[in-house]
Amino acid sequence: MKKMRHLAGMLAALLLALCCLGGVILPATAFADNTITFELSDGQKAVVPVVDDRSQRVYDYAGLFSSSEKAELATTIAKIEDKKKCEVMILSTNDVPINTSGSGKSYSRLYAEEFMKQNAENNDAFILEIDMANRKVVAVGHGKYGGTKYNDTMQKITDSLTNDLKEGKYADAARNFLKQVDGIDNILKRLIPTVPSLIISAILAGIVLLILVIIHNSSRAKVEKQVRKEEFEYEQTGHDQIYMGTRTQVRRIERSSGGGSDNSGGGFSGGGGDFSGGESSF
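Predicted, not measured: the structure shown is a model, and the values here were computed from it. (Residues numbered from 1 in each chain as written. Predicted model: local features only at pLDDT ≥ 70, side-chain atom pairs only at ≥ 80, totals over all residues. Heavy atoms only, no water.)

Chemist: So what exactly am I meant to see when it comes to the overall build of the chain here?
Modeler: Check the secondary structure of the chain and you find 7 helices and 7 strands. For the chain, the N- to C-terminal ordering of α and β elements is α-β-β-β-α-β-α-β-β-α-α-α-α-β. Within the chain, buried positions represent 32% of all 282 residues. For the chain, long-range pairs separated by at least 24 residues make up 68% of all intrachain contacts whose partners lie at least 6 apart in sequence. Accessible area for the chain stands at about 19600 Å²; split by element, carbon and sulfur atoms hold 54% of it. (Helix = DSSP H or I, 4+ residues; strand = E, 2+ residues; numbered from the N terminus. Buried < 20%, exposed > 50% of the residue type's maximum accessible area, 1.4 Å probe, protein only. Contact = heavy atoms within 4.5 Å. Areas by Shrake-Rupley, 256 points an atom, 1.4 Å probe, with all protein chains shown as cover.)

Chemist: Explanation requested: the side chain of N134 in the structure shown.
Modeler: Checked against the element boundaries, N134 lands in the loop between β5 (125-131) and β6 (136-142). Polar contacts involving the side chain of N134 include one to the main-chain amide nitrogen of N99, which spans 2.8 Å. Sequence-distant contacts of N134, that is, excluding residues within four places in its chain, are made with V96, P97, I98, N99 and S108. (Polar contact = N/O pair within 3.5 Å; in protein donor to acceptor, adjacent residues only side chain to side chain.)

Chemist: What am I meant to see in the side chain of T158 here?
Modeler: Secondary-structure assignment places T158 in helix α4 (residues 151-166). Those residues within four positions of T158 in sequence are excluded, and the remaining contacts are V137, V138, A139, G278, E279 and S280.

Chemist: Where do I start with the pairing of strand β4 (residues 87-93) in this structure?
Modeler: Burial analysis of β4 places 7 of its 7 residues in the buried class, the great majority of the element. Where strand β3 (residues 58-60) and β4 come together, 3 bridges link them in parallel fashion. Bridge pairing in β4 links D60 to S92. Read as a crossover between parallel neighbours, the route from β3 over helix α2 (residues 67-84) to β4 is left-handed. Judged from the 7 bridges that link them, β4 and β5 form a sheet pairing that is parallel. Residue pairing in the sheet places L91 in a bridge with E129 of β5. (Pairing = 2+ DSSP bridges. Right-handed = clockwise from strand over helix to strand, strands pointing away.)

Structure (structure tokens):
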């Protein structure tokens, strides 16, 4: 009887260990409703999850966030989306192939863009991808945030996340990403001075004030050295006024009429539009 109980206990422990191990090694696509296979830059293929419920915003396929962290991030994302009228996604994955290509966009960047194409509903969108296979962090913008002018912004964002990611602070990195996305194109936030900017402004103001004092003292010394001139009395003997006539000639220029152009772009579901992006290693 004791042997039976011992064997049953061992079997239960083994099953529990297998379940835990399975949770670690299961591919990310197991949590998706469907998948799509697409070709990377050098012919290698990758599999991207495609979900039916596109109301999701945190796709934690690598298991980096706790349930409470995912709920917190989703709440923050909802506020940003309501304010900026865009879509914001966070993706963690182990499924990006190891990048062997040295030219063009990296696998991590291509994977993030393809995931956005397949799962985003809004043409104006952001995505943060934490690629655990290649140890890369990618930030991508699309739609009105897809222009090349946002490339520097996206790169600065990914660079700012690497320290937290190296230390395993994945939720902090995601919060930082959302904070910076919220500040993009926000004029009021740009006007709020930071501590470094205040220090620099104070130093520059002091230098300018010092220069003005030096100039003032130098000018005063020169004036004191000048000999005062005598004041002369004078009498006005006459005053002539001469008025010059003016003539304005107006000539009408006939303008030719011309039609304007109508530029329209495809929807996001069709995969149209440009991507901005940044990428850093951690």
